[in-house]
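Spelled out from the first residue to the last, the chains are:
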Number of protein chains: 2
Amino acid sequence: MDDPSSHQKNKLQTEEKILLAAKKVFIEKGFDGASTSDIARAAGVNKALLHYYFRSKEKLFQQVFRQCIIELWEKSFSILGQPIDLFDKIKLFINKTTEAYLSAPRTLNFVMYEITKWDNSMASLFSDELEKIFLPNVEVFYKQVEQEARKGTIKPVDPFSLLLDIVSLIQLPLTHGLIILNLNTYHNIKDPYTFFKERAQHTAESIIHCLRSDC
Amino acid sequence: MDDPSSHQKNKLQTEEKILLAAKKVFIEKGFDGASTSDIARAAGVNKALLHYYFRSKEKLFQQVFRQCIIELWEKSFSILGQPIDLFDKIKLFINKTTEAYLSAPRTLNFVMYEITKWDNSMASLFSDELEKIFLPNVEVFYKQVEQEARKGTIKPVDPFSLLLDIVSLIQLPLTHGLIILNLNTYHNIKDPYTFFKERAQHTAESIIHCLRSDC
DNA sequence: GTCTATAGGCGGATAGAC
DNA sequence: GTCTATCCGCCTATAGAC
């Protein structure tokens, strides 16, 4: 190549290639289960290159994890801050979260586990996003719930508990649904995809119904 | 000791000691994060002894995991099969699950993560318990829900979905509650213990209220 | 920027003395 | 039944050639 920036391009391509491979392997095996050799092999490069670009397994992991959190945020939680009707918001949030899971099933399990091993140094990686993006958007949701209650559209509820309920009702069946489905003797479920889609629909309707009526 | 069975006793004590240490370390660090050296150190014995009693890290892990699952079953899910009133059962199940978590917080995270890495060889470790104890007890719950619906005590619901809802509403806040509480800007929560206890209470009441009324 | 070669340590597992 | 000593392989990370 005679392009003078081809070195730079190669660099970016390789860095990206490693990051993608690392994401794949870390999500599959977790931090402790993944080795730098696994990642290098998956990326089609040598182990030494990982350290050239990312200095250490730990730092590579942090970038992967950061990316996963931000994607999860963009794909589902960001909806909480949008200026739309509360009921539509709840439906959209549930559907988007379900879709995010179905398009990359292991990611949610990975994030949910690794996050429990978080220490403060990890948390500080996100302090900016947390304060400037995440928390303000969630607070939009809280405010909206309070407002609708004052208007009488919904009965008064604790917004934090409501959010916790919604997240719980969607996430756990998604992260552990496949196992639960295997243990299930009640239904004969052929297609997990359809099951999750229908459950998302049904869950959203139940929550909204509960908010409207007095239960 | 002149007790002729003292050898046997030592054996049992040591085996038990290793198993306890392994449980502690595996729960803390996960299978991949834990090393046999960690476990030996925690047990106050040599690495060689682990292999003498359990043959491999894998087999030691299986025993630990098995024990965790069975304890979890005894402490919470077994309630589903008891011959008591449905509403009492739901309350008891929620309270017991919450207590089980509060008495050993990391255990639930550990089980929930490792279970997602399950393969069939692991599943076969429990096939007996599954078929003879677990599933029949869960089916008692399903039957009971159907029966109450026929009597008109509750509105008709899908028993499998109901169980999934209940488990979701309790477990996710427990396994990830501490992180969520740190991110929470809505409440000023001083005492997680009280928060979880109160939430358990409130969740049980909500579910029962929903079952009774038409929502 | 990318490779090979290798350091240095820790992983799980085993042999053999007591 | 319990220990020390040790094997071998894989781990993360680095040095240095190209």
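From a predicted model like this one, the values you see are computed outputs, not experimental measurements. Positions within a chain are numbered from 1, following the residues in the order the chain's sequence is written. Labels are handed out in written order, letters beginning with A for the chains and numbers beginning with 1 for the ligands. Only residues with pLDDT of 70 or above have their local features reported here, since the model is predicted, and side-chain atom pairs are shown and tallied only from 80 upward, although totals for entire chains, interfaces and linings are computed over all residues. Water and hydrogen atoms play no part in the side-chain values, which are based on all heavy atoms of the structure.

### Re the domain arrangement of chain A
Residue and element names in this part refer to chain A.
So, point 1. Note that the domain bounds reflect an automated or database-derived domain assignment. According to the domain assignment, chain A contains domain 1 (1–55) and domain 2 (63–212).
So, point 2. Of note, the centres of domain 1 and domain 2, computed from C-alpha atoms alone, are 31 Å apart.
So, point 3. In this description, contact between two residues means that some pair of their heavy atoms is separated by no more than 4.5 Å. Contacts between the two partners involve ten residues from domain 1 and, on the opposite side, ten residues from domain 2.
So, point 4. Summed over both partners, the accessible area lost on bringing two parts together, with a 1.4 Å probe, is the buried area. Interface area for domain 1 against domain 2, summed over the two sides, is near 860 Å², with a carbon-plus-sulfur share of 60%.
So, point 5. When the buried surface of domain 1 facing domain 2 is broken down by residue, L19, K23 and I27 rank first, second and third, together holding 61% of it.
So, point 6. Salt bridges are counted wherever a side-chain nitrogen of Lys or Arg sits within 4 Å of a carboxyl oxygen of Asp or Glu. Across the domain 1-domain 2 interface, the total number found is two salt bridges.
So, point 7. With a shortest N-O distance of 2.7 Å, E71 and K23 are connected by a salt bridge.
So, point 8. Each polar contact in these results corresponds to two N or O atoms within 3.5 Å; when the atoms are within protein, one needs to be able to donate a hydrogen and the other to accept it, and residues that are neighboring in sequence are counted only if both atoms are side-chain atoms. Remark: the boundary between domain 1 and domain 2 carries three residue pairs in polar contact (both at pLDDT 80 or more).
So, point 9. Across the side of domain 1 that touches domain 2, the residue classes break down as six nonpolar, one polar and three charged. In this classification, Asp, Glu, Lys and Arg are treated as charged, Ala, Val, Leu, Ile, Met, Phe, Trp, Tyr, Cys and Pro as nonpolar, and every other residue, Gly included, as polar.

### Notes on the relation of the copies chain B and chain A
So, point 1. With an axial shift of 0.0 Å and an RMSD of 0.1 Å, the rotation relating chain B to chain A amounts to 180°. Such a turn and shift between the copies fits a two-fold axis.
So, point 2. Most of the interface of chain B is mirrored in chain A: 100% of its interface residues are interface residues there too. Copy-to-copy superposition: least squares on the C-alpha atoms, limited to residues that have pLDDT of at least 70 in both copies.

### Topic: the interface of chain B and chain A
So, point 1. Chain B puts 47 residues into the contact, and the matching count from chain A is 47 residues.
So, point 2. Summing both sides of the interface, chain B and chain A together bury roughly 4,100 Å²; the carbon and sulfur share of this comes to 70%.
So, point 3. For the chain B face of the interface with chain A, the top three residues by lost area are Y113, F160 and Y186 of chain B, together amounting to 17%.
So, point 4. The interface formed by chain B and chain A contains two salt bridges.
So, point 5. Its salt-bridge partner being D165 of chain A, residue R199 of chain B comes within 2.6 Å of it at the nearest N-O pair.
So, point 6. At the boundary of chain B and chain A, one finds twelve residue pairs in polar contact (both at pLDDT 80 or more).
So, point 7. Comment: elements are numbered from the N terminus, with helices defined as DSSP H or I runs of at least four residues and strands as E runs of at least two. When residues of the side of chain B that touches chain A are traced back to their parent elements, those giving at least two are α1 (6–33), α6 (105–114), α8 (127–151), α9 (159–183) and α10 (192–212) of chain B.
So, point 8. At 17 residues, the largest contribution of residues to the side of chain B that touches chain A is made by α9 of chain B.

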